[in-house]
Amino acid sequence: MQKNILEYLDKTALEFCDKMAFNDGDISVTFKELKQNTEAIGSGLLQLGVMNQPIVVFLSNKCECVNAFLGIVSSGNFYCQIDFTMPIERINSILKILMPAGIITRREYKQKVELFQTQCDVFFIEELEKTKIQDVQLEQIRYRMCDLDPVYVLFTS
């Protein structure tokens, strides 16, 4: 029995490593690349030192968004995607309730993120994807995961 989506990714990356996992029109990602990106992002987020905490994803709906989602899960946390079209007041309302441990975004969105009323860490996806993979630490987190751990939270209108 699989406990979470990461086990599915591991199996698929092993069996179909060169098969395309996602294509957003600009970038395509194989399952092998998806697994590497996931583990690099998860390794970068290990510095938070938290588990089962929300991390906000403020990215466009592209391949990097999926990388961020799975990277967050691999770090032992769960994600909440914030839509670009939301008014800043709505975003701040969500952040006040959510109290995220961090935000993942792109450098080009830095000015907008600075308007967010939160004191959490901000991570840039471009840097996280270059993080050296911490196999042992990620495996320890995976060992502590259970099928009841949250994966994401969704705020509806």
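Scope of this entry: the structure provided in the associated data block. Small disclaimer: the values here were computed from a predicted structure and weren't measured. (Residues numbered from 1 in each chain as written. Predicted model: local features only at pLDDT ≥ 70, side-chain atom pairs only at ≥ 80, totals over all residues. Heavy atoms only, no water.)

## Let's talk about the sheet that holds strand β4 (residues 78-81)
Spelled out, the test is: Strands qualify as paired when DSSP identifies two bridges or more between them. Helix and strand labels come from DSSP, where a helix needs a run of H or I of at least four residues and a strand needs a run of E of at least two; each type is numbered from the N terminus. What counts as an axis is a line fitted to C-alpha atoms, over the stretch in contact for a helix, and the angles between N-to-C directions run from 0 to 180 degrees.
One open sheet accounts for 4 strands, arranged β4-β3-β5-β6; its pairing is parallel. Each edge of the open sheet carries a strand with a single partner, namely β4 and β6 (121-124). Looking at each pair of strands side by side, their axes are set apart by 30° on average, direction ignored. Here strand β3 (residues 54-58) pairs with β4 via 4 bridges, running parallel. When the sheet's bridge partners are listed, Ile55 is paired in β4 with Tyr79.

## So, the packing of helix α1 (residues 5-15) against helix α3 (residues 63-74)
This is how the line gets drawn: Note that the term roughly parallel is reserved for angles under 35 degrees, roughly antiparallel for angles over 145, roughly perpendicular for angles of 65 to 115, and oblique for everything else. The crossing is said to be left-handed when, going from far helix to near helix, the turn is anticlockwise and less than a right angle, and right-handed when the turn is clockwise. In this analysis, two residues are considered to be in contact whenever any of their non-hydrogen atoms come within 4.5 Å of each other. When residues are sorted by character, Ala, Val, Leu, Ile, Met, Phe, Trp, Tyr, Cys and Pro go into the nonpolar class, Asp, Glu, Lys and Arg into the charged class, and all the rest, Gly among them, into the polar class.
The N-to-C vectors of α1 and α3 enclose an angle of 115°; their axes lie 10 Å apart at closest approach. One way to sum up the angle between α1 and α3 is to call them roughly perpendicular. Viewed along their axes, α1 and α3 form a crossing whose handedness is left-handed. Between α1 and α3, the contacting residues are Ile5, Leu6 and Leu9 on the first element and Leu70, Val73 and Ser74 on the second. When grouped by side-chain class, the residues that make up the contact of α1 with α3 number 5 nonpolar, 1 polar and no charged.

## Looking at the side chain of Ser75
Quick reminder of the rule: As used in this structure description, the phrase polar contact means that two N or O atoms lie within 3.5 Å; if the pair is within protein, one of them must be able to donate a hydrogen and the other to accept it, and residues adjacent in sequence are counted only when both atoms belong to side chains.
Within the fold, Ser75 resides in the loop between α3 and β4. There is a polar contact of 2.7 Å between the side chain of Ser75 and the backbone oxygen of Ile72.

## Here's the deal with unusual backbone geometry
This is how it is decided: In this scheme, a residue with accessible area under 20% of its type's maximum is buried, one over 50% is exposed, and one in between is partly exposed, where area comes from a 1.4 Å probe on protein chains only.
One non-glycine residue, Asn52, adopts positive backbone phi at about 60°. Along the chain, Asn52 falls in the loop between α2 (31-45) and β3. Judged by its relative accessible area of 31%, Asn52 falls in the partly exposed class. At Met99, a residue that is not glycine, the phi angle is positive and equals roughly 50°. Mapped onto the elements of the fold, Met99 is located in the loop between α4 (88-98) and β5 (102-105).

## Here's the deal with the nonpolar core
We count it as follows: The term nonpolar core refers to a set of buried residues drawn from Ala, Val, Leu, Ile, Met, Phe, Trp, Tyr and Cys, joined through side-chain atoms within 4.5 Å.
Core analysis: the largest hydrophobic core is formed by 29 residues, its most contacted members being Leu34, Leu45, Ile55, Val57, Leu59, Ile72 and Ile104. Those elements giving two or more residues to this core turn out to be α1, α2, β3, α3 and α6 (125-128). With 8 residues, the single largest contributor to this core is α3. With near-sequence residues (within four places) excluded, Ile104 lies in contact with Ile41, Leu45, Ile55, Val56, Val57, Phe58, Leu59, Ala68, Ile72, Phe123, Ile125 and Leu128. By size, the runner-up hydrophobic cluster in this structure holds 14 residues, among which are Cys80, Leu98, Ile103 and Tyr109.

## Looking at the packing of α1 against α2
Where α1 contacts α2, the axes come no closer than 8 Å and their chain directions differ by 140°. With respect to each other, α1 and α2 are oriented oblique. Crossing geometry of α1 relative to α2 is assigned as left-handed. Note on element contacts: α2 touches α1 through Phe31, Lys32, Leu34, Lys35 and Thr38, opposite Leu6, Leu9, Asp10, Thr12 and Ala13. Within the contact of α1 with α2, the residues separate by chemical class into 5 nonpolar, 2 polar and 3 charged.

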